[in-house]
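What the coordinates show
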Amino acid sequence: MEAGGLPLELWRMILGYLHLPDLGRCSLVCRAWHDLILSLDRTRWRQLCLGCIECRHPNWPNQPDVEPESWREAFKQHYLASKTWTKNAAILETSVCFSLFRRRRTRRTLSVGPGHEFHSLGSALAMASLFDRILLFPGMHEEQGEVILKVPVEIVGHGKLGEVALLASIDQQCSTMHLCNLVFMPAWFSPFMFKTTSGHVQFDNCNFENGHIQVHGPGTCQMKFCSFKNTHVFLHNVPLCVLENCEFVGSENNSVTVEGHPSSEKNWAYAYLLGLIKSSPSVLPTEDSDSLMSLDLESRDQAWSPRTCGIVIEGSQSPTSPASSSPKAGSQEAEVGSDGERVARTPDSSDGGLSPSGEDEDEDQLTYRLSYQVQGPRPVLGGSFLGPPLPGASIQLPSCLVLNSLQQELQKDREAMALASSVQGCLIRKCLFRDGKGGVFVCSYGRAKMEGNVFRNLTYAVRCIHNSKIIMLRNHIHHCRASGIFLRLEGGGLIAGNNIYHNAEAGVDIRKKSNPLILCNQIHHGLRSGIVVLGNGKGIIRNNQIFSNKEAGIYILYHGNPVVSQNHIFRGHAAGIAVNENGRGLITENVIRENQWGGVDIRRGGVPVLRSNLICFGYSDGVVVGDEGKGLIEGNTIYANKGCGVWMMSSSLPHVTSNHVSYNGLYGVAVFSQKDGSGEFPGGHGAQESFSEDGDAILWETELEKDEDPLRRPVTVALVESNSVNHNGASGLYVQSSEALHVITNVIHANGDRGITVAQSSQLTRVANNSISCNRQSGVKVEAQCKVELRGNGIYDNRGHGIITKGDSTVVIENDIIGNRGSGLQLLPMSDTKVIKNRIHSFRAYGIAVQGRAKALVQENIIFQGKTNKTIFQQISNNRECIMQNNKFLVFKKKSDTWRLANPPARPHLENSLRGPSAAHGGQKVTAMATRITAHVEGGYHSKRSIFCTIL
């Protein structure tokens, strides 16, 4: 366009009067004219698009107020789609059968209505030729008999939509036809407004009211910009049908039913429809900023490791022989709590920091240094969850826990990508389903794909049953009166990138061997659970956001067995994940946070595998194992929950192994029995409200599978094994149970109360090969009438006693009880204890203190001297119930004395203790224990000189 020509604004005004063919010709003149025509996008192209009778606003019915990115491109797509039905015209007009009686090739327009050429649709059809247009003028056109279409024609309503109504039952027997700008109503003799069995039909900008539409394969259909009021679209064995930009309102049953496997026989329109689908803009996601979340816990470091110790002791005088003695009056080392338990007044030394001695110590008395390693938990998740949580700070998850976008997940999973890109059966795109009973029903091997639709105010949105498959991408499903998506009887498919919220029942309900892939969805604010899996339902639930649901985020019961991985489940009003009533499942690499109840709740025969999850910042407990709960709880990070890290109730048999349990408000691991006492538990705990998702739950019991899962090994006793339990608000492990319990090879470190508290244990609690260190009170406390065996443990640097017991059946055998602030071992009145082959050293008190009429057998122990002015053993002189046999007392004789823990090396000994999946999973390695106690002389200590707890 020349510089001296008319202004561009004037050219645009002139070109705005041109029709579509003229605009096309002008765009071919030159590059400048081509660009000028394209610049008319929001003026002339918009007018052409909205003025076309075949279409409505490009974003109708879901977003009619949002303009498309390009009106010209939208109009192009509408124009091409509206011509699909004529693609076989050349074939029909040149066929042999029609060449003998050739009719005119030009299309005629037949007018129907009062005062026009034809008075009825039937009479016009009798005179119509191939691809003629029948124009129905405003009014009510009623056909008294069934209308049979044998010649391809186009039936168009004249005027605005709603002015032309057609009451008829049409049976298409020709290869193709087109209906546009009409209001369809059923005839008085049949509810079917339209049906076809083999041909292709195209509906554009039509309304359907109170009737049925039926398409039977190999027939195909294309419906665009249509409105269905209380109308049922029935698609049986269709190879391909497209419903796009349609509205379904007020259905009394299902709005769309897709039944039967797509027919292998295909008509002429199949290829054209498939090409049209692939050329149109897809709702498949692109790489954008609305990525959900991902979780990769494979990079987690070793979740726990044992502590090692090397003790340096020196002295200048020999103590008196073992005799009755008492602590020095006025000592500021510790204060005595209830039951004689010593609580240090020193600052927290739990992290290997400095532990100052008493300020009134004389230099000549403080003649030894205790320097030993307390190797606590290794970094977990890159160290992000080792430090204490900051009060009031927002939760910042590390980058490794950010979920992938849908596009990233599809690129990783080629099978899912192929499934998302496939089209088979029925394609429903950009439609609105509202204010009715059902949305889409897919049954009997049917296939349906739904993209970018809105389902709201329905009883349910989508049902998929009887071996059918659905693909659901980027849909909005909300305010359903039952479940949003329901899969049953081996239904499956892909449910990805959807927003599912505010539904009265579960967002997604999976039952009876259904096995979908649920990927990158947001499922939130449900009035019950987010996802329910029951009745042998399966499925892969991956990379979803599931939050703010009133019941469990994911609820598994009645032999439901899904794979739940890499999801974020947060801010739920109940549990994050609940596994009940023999539910199963592999639950791995999820972030479960800020839920009101337990992060994971396992009850009544639930047997999940809970592995490598981050369970944090909950308002109750991290993991709850209720009555008869079982399962493997392995390699999880359970952090900063306000309740306990792990809460185990009566009759539960979980295997709790290799977890990192830290900074929880109450106990690290708590084991309670509801069978004894009043059933009231500390911390406001108790039996949580039972889950109830389905009224017909008993029906699933008749169809349960009994197959064994190779991931699980039989557990006959509750087992707490190889965990790191540290920095929790109360005891690291609290036991109040009437059932047997094994506590093996754990690191219990720097907890706010005792390391282990056994308050009730009528059956044997076995505590073996644990490292118990730096806890704020005693290492282990055993209450009256408890049966406890302590074997092979290393109990170091606790601020109270090493072990304090008044149990009537306590066995303490082959432990290293070293460097604790109180006595190494304190036996309270009425206790009955066997102390055999231990190595015992107290920091500033007695090696062993026997109080009152305690009954004890103290045999073959090695007891090191602590402070040089303390005796090693304290006992009431007339207590004949305490038997001393073959013990070895090591006292100071000269400053160069050196003692070594050499045979055996320092405990715990873990080389042969780790086994099975606990040792293999996560690449955990056990650090070698230090093996010696050495003497080191350093004269002239200042009275305020600290005692080092050094990380070597």
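In short, a report on the structure. (Residues numbered from 1 in each chain as written. Predicted model: local features only at pLDDT ≥ 70, side-chain atom pairs only at ≥ 80, totals over all residues. Heavy atoms only, no water.)

Looking only at helices and strands, one finds 12 helices and 77 strands in the protein. The buried share of the protein, reckoned over its 952 residues, is 60%. For the protein, contacts bridging at least 24 residues in sequence account for 56% of all contacts bridging at least 6. As displayed, the protein offers around 36400 Å² of accessible surface, 51% of which is attributable to carbon and sulfur atoms. (Helix = DSSP H or I, 4+ residues; strand = E, 2+ residues; numbered from the N terminus. Buried < 20%, exposed > 50% of the residue type's maximum accessible area, 1.4 Å probe, protein only. Contact = heavy atoms within 4.5 Å. Areas by Shrake-Rupley, 256 points an atom, 1.4 Å probe, with all protein chains shown as cover.)

Right, let's talk about the nonpolar core for a bit. Within the largest apolar cluster, 128 residues are counted, with the highest numbers of intra-cluster contacts made by Ile134 and Leu235. Ignoring sequence-local partners within four residues, the contact set of isoleucine 134 consists of Leu110, Val112, Leu121, Ala124, Leu125, Ala128, Val153, Glu154, Ile155 and Val156. If you look at the next biggest cluster of nonpolar residues, it comprises 12 residues, including Leu406, Leu494, Leu517 and Cys520. (Core = buried A, V, L, I, M, F, W, Y, C linked by side-chain atoms within 4.5 Å.)

Moving on, we get to the pattern of salt bridges. Applying the stated criterion across every chain, the model contains 28 salt bridges. The salt bridge partner of glutamate 409 is lysine 412, with a shortest N-O separation of 3.4 Å. In this pair, glutamate 409 and lysine 412 are both assigned in helix H10 (residues 406–412), three residues apart and thus about one turn of the helix distant. Take lysine 412: its relative accessible area is 55%, and that puts it in the exposed class. As a salt-bridge pair, arginine 571 and glutamate 594 come within 3.7 Å of each other at their nearest N and O atoms. Here arginine 571, found in the loop between strand S40 (568–570) and strand S41 (577–579), pairs with glutamate 594, found in the loop between strand S43 (591–593) and strand S44 (600–602); they are 23 residues apart in sequence, far enough to count as distant. A relative accessible area of 46% places arginine 571 in the partly exposed class. Exposure remark for glutamate 594: the relative accessible area of 11% places this residue in the buried category. (Salt bridge = Lys/Arg side-chain N within 4 Å of Asp/Glu carboxyl O.)

As a further point, take the packing of helix H1 (residues 8–15) against helix H3 (residues 31–38). The N-to-C vectors of H1 and H3 enclose an angle of 70 degrees; their axes lie 10 Å apart at closest approach. For the element pair H1 / H3, the angle class is roughly perpendicular. Listed contacts from H3 to Leu8, Trp11, Arg12 and Leu15 of H1 are Trp33, Leu36 and Ile37. The class makeup of the residues in the contact of H1 with H3 is six nonpolar, no polar and one charged. (Axes fitted to C-alpha atoms, helices over the stretch in contact; angles between N-to-C directions. Parallel < 35°, antiparallel > 145°, perpendicular 65-115°, else oblique. Nonpolar A, V, L, I, M, F, W, Y, C, P; charged D, E, K, R; others polar.)

Glancing now at the packing of aromatic side chains. Scanning the entire structure with this criterion turns up 17 aromatic pairs. By way of ring pairs, the aromatic residues Phe184, Phe194, Phe203, Phe208, Phe228, Phe248, Phe433 and Phe455 are connected into one cluster. Positioned above the aromatic ring of tyrosine 270 is the side chain of lysine 266, whose terminal nitrogen or guanidinium carbon lies 5.1 Å from the ring centre. Positioned over the ring face of phenylalanine 486 is arginine 463, at 5.0 Å from the centre of the ring. (Phe/Tyr/Trp six-rings, centres within 6.5 Å; stacked < 30°, edge-to-face > 60°. Lys NZ or Arg CZ within 6 Å of the ring centre and 35° of its normal.)

Here we come to the pairing of strand S30 (residues 492–496). Here is the key point about a regular strand: its side chains alternate between the two faces of the sheet. Within S30, five of the five residues are buried, which leaves it mostly tucked inside the rest of the structure. Burial along S30 is two-sided: the residues Gly492, Leu494 and Ala496 and Gly493 and Ile495 are all buried. As defined by bridge partners, strand S27 (residues 469–473) adjoins S30 across five bridges and the pair is classed as parallel. Opposite isoleucine 471, over in S30, you have leucine 494 as the bridge partner. Where S30 lies against strand S33 (residues 515–519), five bridges are found, and the strand directions are parallel. The residue bridging glycine 493 from the neighbouring strand is proline 516, located in S33. (Pairing = 2+ DSSP bridges.)

Now for the side chain of histidine 524. By secondary structure assignment, the location of histidine 524 is in strand S34 (residues 522–524). A polar contact of 2.8 Å, which involves the side chain of histidine 524, links it to the side chain of histidine 525. Apart from residues no more than four positions distant in its own chain, histidine 524 is found in contact with Asn499, Ile500, Tyr501, His502, Phe547 and Asn549. (Polar contact = N/O pair within 3.5 Å; in protein donor to acceptor, adjacent residues only side chain to side chain.)

The subject of this paragraph is helix H2 (residues 20–27). Buried residues of H2: Leu23, Cys26 and Ser27, and no others. Looking down the long axis of H2, one finds its buried residues gathered within 100 degrees of arc, a one-sided arrangement. (Arc of directions from axis to C-beta.)

Our focus in this paragraph is a nonpolar patch on the surface. Taken together, the side chains of Leu6, Leu10, Met13, Ile14 and Tyr17 present a nonpolar region at the surface, about 520 Å² in accessible area. With respect to the secondary-structure elements, leucine 6 resides in the segment before H1. The exposure class of leucine 6 is partly exposed, given its relative accessible area of 40%. (Patch = residues over 30% accessible without salt bridge, like charges linked within 9 Å, V, L, I, M, F, W, Y side chains within 5 Å.)

This brings us to the environment of leucine 38. Mapped onto the elements, leucine 38 comes out in helix H3. The class of leucine 38 is partly exposed, set by a relative accessible area of 33%. Residues leucine 38 and serine 27, 11 residues apart in the sequence, show an inter-C-alpha distance of 8.3 Å.

The next point concerns the packing of H2 against H3. Describing two packed helices takes the angle between their axes plus the distance from one axis to the other. Between H2 and H3, the least distance of the axes is 7 Å, while the angle of their chain directions is 140 degrees. The pairing of H2 with H3 is recorded here as oblique in orientation. Residues Leu23, Cys26 and Ser27 of H2 touch H3, and the partners they reach there are Trp33, His34 and Ile37. The residue inventory of the contact of H2 with H3, partitioned by class, reads four nonpolar, two polar and no charged.

Residues apart from glycine generally show negative phi values, whereas peptide bonds are mostly found in trans. In the segment running from tryptophan 60 into proline 61, the intervening peptide bond is cis, with an omega of 5 degrees. The phi torsion at arginine 604 lies on the positive side, around 45 degrees, for a residue other than glycine. Turning to its location among the elements, arginine 604 is positioned in the loop between S44 and strand S45 (609–611). Unlike most non-glycine residues, histidine 727 shows phi in positive territory, near 55 degrees. Owing to a relative accessible area of 15%, histidine 727 belongs among the buried residues under this scheme.

Structurally, the position occupied by asparagine 770 is in the loop between strand S60 (765–768) and strand S61 (771–773). Asparagine 770 sits in the buried class, given a relative accessible area of 0%. With 23 residues separating them in the primary sequence, asparagine 770 and valine 747 have C-alpha atoms 5.9 Å apart. When residues no more than four places from it in sequence are discounted, the contact partners of asparagine 770 are Val743, Ile744, Thr745, Asn746, Gly792, Asn793, Gly794 and Pro908. Within the structure, the side chain of asparagine 770 is placed 2.7 Å from the backbone nitrogen of asparagine 746, a separation counted as a polar contact.

For the rest of this paragraph, the subject is the side chain of threonine 588. Within the secondary structure, threonine 588 is located in strand S42 (residues 586–588). A distance of 3.3 Å separates a polar side-chain atom of threonine 588 from the backbone oxygen of arginine 611. When near neighbours in sequence (up to four residues on either side) are disregarded, threonine 588 contacts Val564, Ser565, Gln566, Arg611, Ser612 and Asn613.

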